[in-house]
Amino acid sequence: MKASYFRYMLQFKRPGGTSRGVLHEKETFILEIEEEGKKGTGECAIFRGLSFDDRPDYEEKLQWLCENIQQDKHYLQEELAEFPSIWFGYEQAVLNLKHGDHLYFPSEFTEGKSAITINGLIWMGDIGYMEEQIQDKLDKGFHCIKLKIGVDWPSEYQILKQLREKFSADQLELRVDANGGFSKEEAITVLQQLADLGIHSIEQPVKAGNWEEMASLCAVTPTPIALDEELIGIIDPEEKRKLLETIKPQYIILKPALAGGFSGSDEWISLAGSMNIGWWITSALESNIGLNAIAQYTFTKKSPMPQGLGTGSLFVNNFESSLDLRNELLWFKI
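Residues numbered from 1 in each chain as written. Predicted model: local features only at pLDDT ≥ 70, side-chain atom pairs only at ≥ 80, totals over all residues. Heavy atoms only, no water.

### Observations concerning the environment of alanine 45
The following threshold applies: Under the DSSP-based scheme used, a helix requires at least four consecutive residues in state H or I and a strand at least two consecutive residues in state E, with every element numbered from the N terminus. Each residue's exposure class comes from its accessible area (1.4 Å probe, protein chains only) as a fraction of the maximum for that residue type: buried when under 20%, exposed when over 50%, partly exposed otherwise. The contact definition used throughout considers only heavy atoms, calling two residues in contact when any of these lie within 4.5 Å.
When you line up the elements, alanine 45 lands in the loop between β3 (38-44) and α1 (58-67). On the basis of relative accessible area, alanine 45 is assigned to the buried category, the value being 1%. Taking C-alpha positions, alanine 45 is 22 Å from methionine 1, a pair spaced 44 residues apart along the chain. Sequence-distant contacts of alanine 45, defined by excluding residues within four places in its chain, comprise Lys26, Thr28, Ser51, Ser85, Phe88, Ala257 and Glu286.

Next comes the structure, spelled out in structure tokens:
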């Protein structure tokens, strides 16, 4: 068995606005494992500025993995504990080596018999651009839309208000993602305003790392709160349990590239289930390689909620896609 990797820069068709700034390109690394004439491909989907493993020695560790690819899986997992996106790529490559073609988790999804319902993601921008995206998603038949908020709340609130005036909560599920954009005092007001509009949930209203603040908000919030960035960097299972027991969120959001791959996500899902905490899975600007693997994994988890999976259409130079979006349903191409 041998392994190699290469760096790849994904270029946005249009800069993607978030509360952390505007994204023009997305760096990623593709890992390939070869054995007996077969090849497995995975994506080490680092997210600069957000990933726990955004470190100067990242490529050094990736090279280490390639040189030690024949080592025991449990040994590699321990060694890569602080590099969740590399472990994520390794898990994919091993699964793809086993199943071949573009398969990672064979199921009715990869047989083209079932699809995954996803939410439509609205990127930050000026009001005109956000309204244009919303109309496009509505025209395509989406019943669940997620908006990035936290940059210009008064304007963002007006958009949500207008949407709710047109569509009831039964007709259109609205989720918002603040990326830690509010102070605790601001969040208290925002949470009530969202509740008045029948908003499904808000992701990460305050910055990650403020467990006590988040716990006090989750205890009284009229709008369900979902933890997102809060989960990043929590590796130890007992620490994961402690975080959930302390904050008691209504939901958690799982990004496999940031949460320790599929095995790390499985741990979070198991813990959340034992505490009656809801969850869904989202992608994190992976290329079509990682996105395909996440979609296949997501289907096997059988969540009835719309999932936060991208479509790979944000980039001008993406790899060929194995996925096909029809209205709000994500299908596997067969």
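On we go.
### Describing helix α5 (residues 153-166)
Condition: Helix span, as expected, comes to 1.5 Å for every residue beyond the first. Comment: arc refers to directions from the helix axis out to C-beta atoms.
Taking 1.5 Å of rise per residue, 14 residues should cover 20 Å, and α5 covers 20 Å from first to last C-alpha, within 8% of that figure. All buried positions along α5 are accounted for by Trp153, Glu156, Tyr157, Ile159, Leu160, Leu163 and Arg164. One side of α5 carries all its buried residues, which in axial view fall inside an arc of 160°. Counted as exposed and oriented over 90 degrees from the buried face of α5: Pro154, Glu165 and Lys166. Taken together, the buried residues of α5 touch α4 (127-139), β6 (144-148), β7 (173-177) and α6 (184-196).

### Some words on unusual backbone geometry
Phi at asparagine 179 is positive, roughly 50°, even though this residue is not glycine. Here asparagine 179 lies in the loop between β7 and α6. Here asparagine 179 falls in the buried class, since its relative accessible area comes to 9%. Of note, glutamine 204 is a non-glycine position whose phi angle comes to about 45°, a positive value.

### Brief notes about the nonpolar core
General note: in soluble globular proteins, nonpolar side chains tend to be found buried as a group. The line we're drawing: Residues grouped as a nonpolar core are buried Ala, Val, Leu, Ile, Met, Phe, Trp, Tyr and Cys residues, joined through side-chain atoms within 4.5 Å. The split of the chain into domains comes from an automatic or database domain assignment.
Leu147, Leu160, Ile202, Leu243, Ile252, Trp268 and Leu309 are the most contacted members of the largest nonpolar core, which totals 68 residues. Top element by residues in this core is helix α10 (residues 288-301). It accounts for seven residues. Each of domain 1 (2-99) and domain 2 (115-332) accounts for three or more of the residues forming this core. With sequence-adjacent residues up to four places away left out, leucine 243 is seen in contact with Trp211, Leu227, Glu230, Leu231, Ile234, Lys248 and Trp268.

### Overview of the UniProt feature "domain: Mandelate racemase/muconate lactonizing enzyme C-terminal" (unreviewed entry) in the chain
To keep it simple, the criterion reads: UniProt positions are given in the numbering used here, feature names are shortened, and annotations may be inferred rather than shown by experiment.
Mapped onto the present numbering, the UniProt feature "domain: Mandelate racemase/muconate lactonizing enzyme C-terminal" (unreviewed entry) falls at residues 127-224. In the segment residues 127-224, helix accounts for 51% and strand for 13%; the C-alpha atoms at its two ends are 25 Å apart.

### A look at the domain arrangement of the chain
Quick reminder of the rule: Here the quantity called buried area is the accessible surface, traced with a 1.4 Å probe, that two parts lose on coming together, added over both. We count a salt bridge whenever a side-chain nitrogen from Lys or Arg sits within 4 Å of a carboxyl oxygen from Asp or Glu. Distance and chemistry together define a polar contact, namely a pair of N or O atoms within 3.5 Å, with one atom able to donate a hydrogen and the other to accept it when in protein, and with adjacent residues in sequence counting only for side-chain atoms on both sides.
Its domain assignment divides the chain into domain 1 (2-99) and domain 2 (115-332). Each of domain 1 and domain 2 has a C-alpha centre, and the two are 23 Å apart. At the interface, 34 residues of domain 1 touch 33 residues of domain 2. Both sides of the domain 1 and domain 2 interface together cover about 2900 Å² of buried area, and 67% of this is carbon and sulfur. Seen at the junction of domain 1 and domain 2, the total is zero salt bridges. At the surface where domain 1 touches domain 2, the tally comes to 13 residue pairs in polar contact (both at pLDDT 80 or more). Elements that contribute at least two residues to the side of domain 1 that touches domain 2 include exactly β1 (2-18), β2 (21-35), β3 and α3 (84-99). Per element, the largest residue contribution to the side of domain 1 that touches domain 2 is 11 residues, and it comes from β1.

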